[in-house]
Amino acid sequence: MTELQRDDKFLWTGDAIECESGIHWAIAEQANGIVAIIVNSPGGVLTGKQVRVLAEIVGDDGVIKNTRRMASLLLIPKEKIGAALEQLQAAGLRVANLHKSVRNIAACPGKGFSPNSRGDTLGLAKVVDEAFYGTILPWDFKIGISGCPRNCTGVQCQDLGLMAESRGKYSLWIGGSESGMSPTHGTLVRKGIPKERVVSVVRRILEMYVAGAEEFGAELGEGARVKLYHVLEKTGIERFAQAIEEVLSNPDAE
C-alpha cells in the first residue's frame, strides 16, 4: 500500500510562496495587489485569543472574510506577510492549503450545540485535521462532517463526507464534487463506522487515492488535476469499499 507523505514546510520569499513538495499553500496575491492568507481552522473554530490575533494582523481598517470551507481569509499588503506568518505561528494557527493536500475541514456545530445532532463533529474535525494536515496528494481533497441528516456541510458533495449516527458511529460517502459545471453526489459506501476508526479509514482512502492517481496517471493525462472521483471512475467503488472493510475488520490497522 502506498505510504502517505507529509510536508507542512513552506517559504515566503517576500514575493511568493515556495514548497518543495508542490503543495499549494493559501498565500496568494489578488487582482488588486492585496495578498490573501487563508488560516487553517477545522470546523471554523477559533479561540478568543486567535480571533484577537487575526484582528491585529489586518488592523482596524483591514478585512477578514470567512470562506465557504469555514476558514478565515485575511487580506493584507504584501509587505506585512512575513510578520503575519510569525503572529499566526505564535497563536498556534497554521496556513491552510489550496491544492495537493487536505483542505480545511468543514463541520457543523454537532452534538452539544445542535438539538438535532447525533454525534461529535468539531472534535472529530480537529482529530482528522491533525492526522492529515500537510499530506501530499494528487490535488485538493475536501472533507465535510455533519451531525445529522439536515446535512449542513453537504457531505455527499465532498471528496469524503461523514455523517454522525447514534452511539458514536458515522456513515461515509466518497467521490463527491461540489464545484465546477457538473457537481455530483458521492457514494454511500459504509454505515456504522466507529469514531475511533475514522482516522484509519480516511488514511486508507487517501492511500488508495494516491495509488490510483499513479496507476492511471497516463490515462488521466500528464499534469492533470486528478480528483478522487476521477480515480473512482477508473477503479470502481468496490475496490475502495473492500479496502474499508479490511481496515474495519483489523483492529490493528492504521
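Higher on the page you've got the structure.
Note that the structure is a prediction, hence the values are computed from the model and not measured.

**Focus: the overall build of the protein**
If you tally the helices and strands in the protein, you get seven helices and 14 strands. Since a compact globule built from 254 residues should have a radius of gyration of about 18 Å, the 18 Å found for the protein is in line with a globular shape. Across its three principal directions, the C-alpha atoms of the protein cover 50 × 50 × 35 Å. Put simply, the protein has 254 residues, and 48% of those count as buried. Within the protein, contacts between residues separated by at least 24 positions form 63% of all contacts whose residues are at least 6 apart in sequence.

**Some points on the sheet that holds strand E13 (residues 169-174)**
Reading across the sheet, the five strands line up as E10-E11-E12-E13-E14 and stay open at both edges, with mixed pairing between neighbours. Both edges of this open sheet fall to strand E10 (106-107) and strand E14 (187-194), since each of them pairs with a single strand only. Pairing of E10 with strand E11 (residues 143-146), which is carried by two bridges, proceeds in the parallel orientation. Looking at E11, one finds that Ala107 is bridged to Ile145. Sitting on the sheet, helix H3 (residues 122-132) is in contact with E10, E11, strand E12 (160-164) and E13, with an inclination near 160° to E11.

**Topic: the packing of helix H6 (residues 228-235) against helix H7 (residues 237-249)**
Direction vectors running N to C along H6 and H7 enclose 100°, while the axes themselves pass 6 Å from each other. Looking at the two axes, H6 sits roughly perpendicular to H7. Counted together, Leu228, Val231, Leu232 and Thr235 of H6 and Ile237, Arg239 and Phe240 of H7 form the full contact between these two elements. Tallied by class, residues from the contact of H6 with H7 come to five nonpolar, one polar and one charged.

**Looking at the nonpolar core**
Ranked by internal contacts, the top residues of the largest apolar core, which has 42 residues, are Phe132, Phe141, Ile143, Leu160, Leu172, Ile174 and Ile205. Counting only elements with at least two residues in this core, the list comes to H3, E11, E12, E13, E14, helix H4 (198-215), H6 and H7. For this core, the element with the most residues is H4, which contributes 10 residues. Discounting residues that sit within four places of it in the chain, Phe132 has contacts with Leu4, Arg6, Ser101, Val102, Val199, Val202, Arg203 and Leu206. Residues Ala26, Ala36, Ile76 and Ala91 belong to the second largest nonpolar core, which totals 28 residues.

**Structural notes on the pattern of salt bridges**
Within the structure shown, the criterion is met by 16 salt bridges. Residues Glu245 and Arg190 are paired through a salt bridge, measuring 2.5 Å at the closest nitrogen-oxygen approach. Taken together, the positions of Glu245 in helix H7 and Arg190 in strand E14 put the pair 55 residues apart, joining distant regions of the chain. Two residues, Glu215 and Arg239, come together in a salt bridge whose shortest N-O distance is 3.1 Å. On the criterion of sequence distance, the pair formed by Glu215 in helix H4 and Arg239 in helix H7 is long-range, its members being 24 residues apart. Overall, Arg239 belongs to the partly exposed group, its relative accessible area being 37%. If you follow the salt bridges from partner to partner, you end up with Arg68, Arg69, Lys142 and Glu178 in one network.

**Section: the packing of aromatic side chains**
Any pair of aromatic rings gets described here by the distance separating the centres and the angle formed by the planes. If you walk through the whole model with that rule in mind, you get three aromatic pairs. Between Trp25 and Tyr133, the aromatic rings sit 5.6 Å apart at their centres with planes inclined by 50°, giving tilted as the arrangement. Remark: Tyr133 occurs in the loop between H3 and E11 and Trp25 occurs in strand E3 (residues 24-25); sequence separation between them is 108 residues. Grouping residues by exposure puts Trp25 and Tyr133 together as buried. The rings of Phe10, Trp25 and Tyr133 are connected pair by pair, giving a single aromatic cluster.

**Focus: the side chain of Ser72**
Residue placement: Ser72 occurs in strand E7 (residues 72-76). For Ser72, the contacting residues outside a window of four places in its chain are Ile37, Ile38, Val39, Ser41, Leu46, Leu54, Ile64, Lys65 and Asn66.

**Notes on H4**
Here H4 contains 18 residues, and its C-alpha end-to-end distance of 26 Å stays within 8% of the 26 Å for a straight helix at 1.5 Å per residue. Buried residues dominate H4, accounting for 14 of its 18 residues.

**Thoughts on the pairing of strand E6 (residues 63-66)**
Here E6 runs beside E7; their pairing, made up of four bridges, is antiparallel. When the bridges of E7 are listed, Asn66 appears paired with Ser72. Counting the residues in the hairpin turn of E6 and E7 gives five residues, including Met70, whose phi is positive at 65°.

Parameters at a glance
Residues numbered from 1 in each chain as written. Predicted model: local features only at pLDDT ≥ 70, side-chain atom pairs only at ≥ 80, totals over all residues. Heavy atoms only, no water. Helix = DSSP H or I, 4+ residues; strand = E, 2+ residues; numbered from the N terminus. Rg over C-alpha atoms; globule rule 2.2 N^0.38 Å. Buried < 20%, exposed > 50% of the residue type's maximum accessible area, 1.4 Å probe, protein only. Contact = heavy atoms within 4.5 Å. Pairing = 2+ DSSP bridges. Axes fitted to C-alpha atoms, helices over the stretch in contact; angles between N-to-C directions. Parallel < 35°, antiparallel > 145°, perpendicular 65-115°, else oblique. Nonpolar A, V, L, I, M, F, W, Y, C, P; charged D, E, K, R; others polar. Core = buried A, V, L, I, M, F, W, Y, C linked by side-chain atoms within 4.5 Å. Salt bridge = Lys/Arg side-chain N within 4 Å of Asp/Glu carboxyl O. Phe/Tyr/Trp six-rings, centres within 6.5 Å; stacked < 30°, edge-to-face > 60°. Expected span 1.5 Å × (residues − 1).

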